[in-house]
Amino acid sequence: APPELCPAHIGVFQEMVKSECHFMNGTERIRFVKRFIYNREQYVHFDSDVGHFVGDTPYGEDVARYWNSDLEWMEYRRAAVDRHCRHNYELSTPFLVERRDPPSATEILP
């Protein structure tokens, strides 16, 4: 159960969208997941392995049906694997994957 909120927090709502790229064997296999969360509850998500939005709550099922019915929006969403994940992988690889030595303390601390 979520923690009790003090009276100062009543009426405060949080909307969060989280994008994830899961890389298997470099870019040989990439899975893109976009999660839509409201007040700590995921209500709908897109999974590139499934290829469409999936509702995680009754409201999310309505949202998924609406978004899945827009073919142009779905084409854009499916292309996120290349546009978002592959693009960022190529930018990050020299700094994250190809490092031969662990970073030194002077590289981490300001």
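Residues numbered from 1 in each chain as written. Predicted model: local features only at pLDDT ≥ 70, side-chain atom pairs only at ≥ 80, totals over all residues. Heavy atoms only, no water.

With that settled, consider the side chain of K34. Tracing the backbone shows K34 in strand β2 (residues 29-38). Although K34 is buried, it makes no salt bridge; E15 carries the closest opposite charge, 10 Å away. With near-sequence residues (within four places) excluded, K34 lies in contact with V17, K18, S19, V44, H45, F46 and R77. (Helix = DSSP H or I, 4+ residues; strand = E, 2+ residues; numbered from the N terminus. Buried < 20%, exposed > 50% of the residue type's maximum accessible area, 1.4 Å probe, protein only. Lys, Arg positive; Asp, Glu negative; His and termini not counted. Salt bridge = Lys/Arg side-chain N within 4 Å of Asp/Glu carboxyl O. Contact = heavy atoms within 4.5 Å.)

We now examine unusual backbone geometry. One non-glycine residue, N39, lies in positive phi territory at about 50°. Looking at the element boundaries, N39 is found in the loop between β2 and β3 (41-47). Classification of N39 as partly exposed rests on a relative accessible area of 34%. The phi angle at R40 is positive, at roughly 70°, despite the residue not being glycine. R40 gets classed as exposed once you look at its relative accessible area, which sits at 53%.

On to the nonpolar core. Counting 14 residues, the largest nonpolar core has F32, F36, V44, F53 and W67 as its most contacted members. Looking at this core, the elements that each hand over two or more residues are β2, β3, α1 (58-68) and α3 (80-96). Dropping the residues within four chain positions of it, F53 is found in contact with F36, V44, H45, F46, A64, W67, N68, W73, M74 and R77. (Core = buried A, V, L, I, M, F, W, Y, C linked by side-chain atoms within 4.5 Å.)

Strand order in the open sheet formed by four strands is β1-β2-β3-β4, with antiparallel pairing between adjacent strands. Each of the sheet's edge strands pairs with one partner strand only, and the pair in question is β1 (15-24) and β4 (52-55). Taken over all neighbouring pairs, the strand axes of this sheet differ in orientation by 20° on average, direction set aside. Across four bridges, the pairing between β3 and β4 is antiparallel. Bridge pairing in β4 places V44 opposite G55. Running at roughly 165° to β4, α1 makes contact with β2, β3 and β4 of the sheet. Each of β2, β3 and β4 is contacted by helix α2 (residues 71-78), which is oriented at about 100° to β4, the strand it contacts most. (Pairing = 2+ DSSP bridges. Axes fitted to C-alpha atoms, helices over the stretch in contact; angles between N-to-C directions.)

The full count for this structure, using the stated rule, is one disulfide. The partner cysteine of C21 in its disulfide is C85, sulfur to sulfur 2.1 Å. Here the S-S torsion is close to -85°, and the disulfide linking C21 with C85 is therefore left-handed. With C21 in strand β1 and C85 in helix α3, this residue pair connects regions lying 64 residues apart in the sequence. Overall, the relative accessible area of 0% leaves C85 in the buried class. (Disulfide = S-S within 2.5 Å.)

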